[in-house]
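# Survey of secondary and tertiary structure
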Amino acid sequence: MNLRELVSALNDFASPALAESWDNVGLLVEPSPPHTVNTLFLTNDLTEEVMEEAVQKKADLILSYHPPIFTPLKRVTWKTWKERLVVRALENRIGIYSPHTAYDAVPHGVNNWLTKGLGACTSVPLHPSTAPSSPANSTHRVEFCADAEHLDAVLSKIKDIPEISCLTTLPARVEGEEQTRVSLNCSQKALLEVVALLSQNSLLHHKTEILLLQKPLLPHTGMGRLCTLSEQVSLSDIIERIKGHLQLPHVRVAVGAGRTLESPVKKAALCAGSGSSVLKGTEADLYLTGEMSHHDVLDAVANGISVILCEHSNTERGFLSELRDALTIHLQNKINIIVSEKDRDPLQVA
């Protein structure tokens, strides 16, 4: 596939607009066009060892879940390992694409894969995503009625205000008088100018309605998951399920105050990666994530919530096999998709 065609398909699979505002997602490194992709290489972290593997396997595009370029690069030299990744990618005509938190948000993404480690359950996002493009950049709708005497002058001035959209007029009958109902969408900044304009005429001002436009929530989409198990099970059983799902010999466990390893778990809140900010304040029997700060663990335990920590990328990496199968279908078997064998969590138990 042509690189740009493939990137478009990847964006359709999980829109970059669903990523967190602080994230750096999408196509990060692009070889000079035209660039054809025969082999797509999947990894959780793009290290130098993984890059060498991608070169050896003749990858044309690397999909790295974590963006290898996060903070801006001021130069591209051989001095630092992240700069060297860019050099190696361009020298070998390999593109780099990162979805990161866009894959956290989608219903078929990382967090939903992580819920499977709990056993049979239903789940909802802890922080639902909103539709990224509706209602565009407008935050408010303003509606007011005007008679023929004032209409043209008011519309002329409104059209001069930036960030006004969807301006419509309809005939209306108000208190037995023929008038015109004006409706418009505007930004927060434009709203102040519209209100100031209408306030100059008390008859218009008293007939004005201002509505707050809210973007609709996307079903089953968002950060984190709150899971309700079909049947409550003990914390010790959940620990074994998680270890089996993530193929880990060990996890770190903090038992909530007043709880034991045999205490029942019915509700579990989870977030792949680093989950403190997403999980904070959620009422549940258990928090499941890769890593949390010491003090956030203490807060959870004090509130009777047990915590399972699996190390950051261990809560994400296993998703790559499922992703390979899903992308094979999504891309209609047009390219070869392989998962890195060198990608691994940097931490181990010694």
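Residues numbered from 1 in each chain as written. Predicted model: local features only at pLDDT ≥ 70, side-chain atom pairs only at ≥ 80, totals over all residues. Heavy atoms only, no water.

The name given to the chain in an unreviewed UniProt entry is NIF3-like protein 1, with Vireo altiloquus as the source organism. As stated in UniProt under Sequence similarities (unreviewed entry), the record for the chain gives "Belongs to the GTP cyclohydrolase I type 2/NIF3 family." Quoted straight from UniProt, the Subunit (unreviewed entry) entry for the chain says "Homodimer. Interacts with COPS2. Interacts with THOC7." (UniProt positions renumbered as here; feature names shortened; annotations may be inferred.)

Broken down by element type, the chain carries 12 helices and 17 strands. Radius of gyration (C-alpha) of the chain: 26 Å, far over the 20 Å computed for a compact globule of 350 residues. Dimensions along the principal axes, computed over C-alpha positions, put the chain at roughly 80 × 60 × 40 Å. Across the 350 residues of the chain, 49% fall into the buried class. Sequence-distant contacts, at least 24 apart, represent 73% of the contacts inside the chain between residues at least 6 apart. Carbon and sulfur atoms make up 52% of the accessible area of the chain, which totals about 17,900 Å². Taking the average place of the 32 positive charges on the side chains of the chain and the average place of its 41 negative ones, the gap between the two points comes to 4 Å. (Helix = DSSP H or I, 4+ residues; strand = E, 2+ residues; numbered from the N terminus. Rg over C-alpha atoms; globule rule 2.2 N^0.38 Å. Buried < 20%, exposed > 50% of the residue type's maximum accessible area, 1.4 Å probe, protein only. Contact = heavy atoms within 4.5 Å. Areas by Shrake-Rupley, 256 points an atom, 1.4 Å probe, with all protein chains shown as cover. Lys, Arg positive; Asp, Glu negative; His and termini not counted. Charge placed at Lys NZ, Arg CZ, Asp CG, Glu CD.)

Where empty space is left becomes clear once a probe the size of a water molecule has been rolled over the atoms. Computed from the structure, the largest pocket encloses a volume of approximately 600 Å³. Considering the residues around the largest pocket, the lining is formed by 34 residues, among which His-66, His-100, Ser-274, His-312 and Glu-316 are closest to the centre. Examining the composition of the lining of the largest pocket, we find that 4 residues originate from one element, strand S14 (residues 264–274), more than from any other. Counting the residues that make up the lining of the largest pocket, at least three belong to each of domain 1 (3–99) and domain 2 (106–130 + 221–313). (1 Å grid on protein atoms, 1.4 Å probe; cavity = no way out; pocket = protein on both sides within 12 Å on 5 of 7 lines; lining within 4 Å. Points joined across faces, edges and corners; volume = space filled by probe spheres on them. Domains from an automatic or database assignment.)

As a further point, take unusual backbone geometry. Residues Pro-33 and Pro-34 are joined by a peptide bond in cis, for which omega reads 0°. Relative to the assigned elements, Pro-34 resides in the loop between strand S1 (26–29) and strand S2 (39–43). The phi dihedral of Lys-58 falls on the positive side, at around 55°, and the residue is not glycine. Position of Lys-58 among the secondary structure elements: in the loop between helix H2 (48–56) and strand S3 (61–64). Although it is not a glycine, His-220 adopts a positive phi angle of roughly 60°.

Here the focus is the environment of Tyr-65. Among the structural elements, Tyr-65 can be located in the loop between S3 and helix H3 (81–91). For Tyr-65, a relative accessible area of 2% translates into the label buried. When near neighbours in sequence (up to four residues on either side) are disregarded, Tyr-65 contacts Thr-43, Asn-44, Ser-98, Pro-99, His-100, Tyr-103, Asp-104, Val-110 and Glu-316. For Tyr-65, the side chain forms a polar contact with the side chain of Asp-104, separated by 2.4 Å. (Polar contact = N/O pair within 3.5 Å; in protein donor to acceptor, adjacent residues only side chain to side chain.)

Here we take up the domain arrangement of the chain. Reports of interface size often rely on the accessible area that becomes lost once the parts have come together. Along its sequence, the chain is organised into domain 1 (3–99), domain 2 (106–130 + 221–313) and domain 3 (140–212). Each of domain 2 and domain 3 was reduced to a C-alpha centroid, and the two centroids are 50 Å apart.

This next bit is on the packing of aromatic side chains. Two descriptors summarise a pair of aromatic rings, namely the distance from one centre to the other and the angle between the planes of the rings. If you walk through the whole model with that rule in mind, you get 3 aromatic pairs. Ring geometry for Phe-13 against Tyr-103: centres 5.8 Å apart, planes inclined by 70°, an arrangement best described as edge-to-face. Linking Phe-13 in helix H1 (residues 3–13) with Tyr-103 in helix H4 (residues 101–105), this pair joins segments that are 90 residues apart in sequence. As far as the burial class goes, Phe-13 and Tyr-103 line up, both buried. One aromatic cluster is present, formed by Phe-13, Tyr-103 and Phe-319 through successive ring pairs. For Arg-84, the ring lying beneath its charged end belongs to Trp-78, and the centroid distance is 6.0 Å. (Phe/Tyr/Trp six-rings, centres within 6.5 Å; stacked < 30°, edge-to-face > 60°. Lys NZ or Arg CZ within 6 Å of the ring centre and 35° of its normal.)

If you look at the biggest cluster of nonpolar residues, it comprises 66 residues, and the most contacted ones within it are Tyr-103 and Leu-327. Viewed by domain, this core spans two of them, domain 1 (3–99) and domain 2 (106–130 + 221–313), each represented by three or more residues. Setting aside chain neighbours within four positions, we find Tyr-103 in contact with Phe-13, Ala-14, Leu-63, Tyr-65, Gly-109, Val-110, Phe-319, Leu-323 and Leu-327. (Core = buried A, V, L, I, M, F, W, Y, C linked by side-chain atoms within 4.5 Å.)

Turning our attention to H2. Of the positions making up H2, those classed as buried are Val-50, Met-51, Glu-53, Ala-54 and Val-55. Check the buried side of H2 and you find it contacts S2, S3, H3 and strand S4 (95–98). In the stretch just after H2, Lys-58 is the one whose phi turns positive, near 55°.

Our next topic: the sheet that holds S3. Read across the open sheet, the 5 strands follow the order S1-S4-S3-S2-S17; overall the sheet is mixed. Looking at strand neighbours, the two that pair on one side only are S1 and strand S17 (336–339), the edges of this open sheet. Ignoring which end each strand starts from, the neighbouring axes of this sheet average 25° apart. Inspection of the sheet shows S2 paired to S17 by 4 bridges, in the parallel sense. (Pairing = 2+ DSSP bridges. Axes fitted to C-alpha atoms, helices over the stretch in contact; angles between N-to-C directions.)

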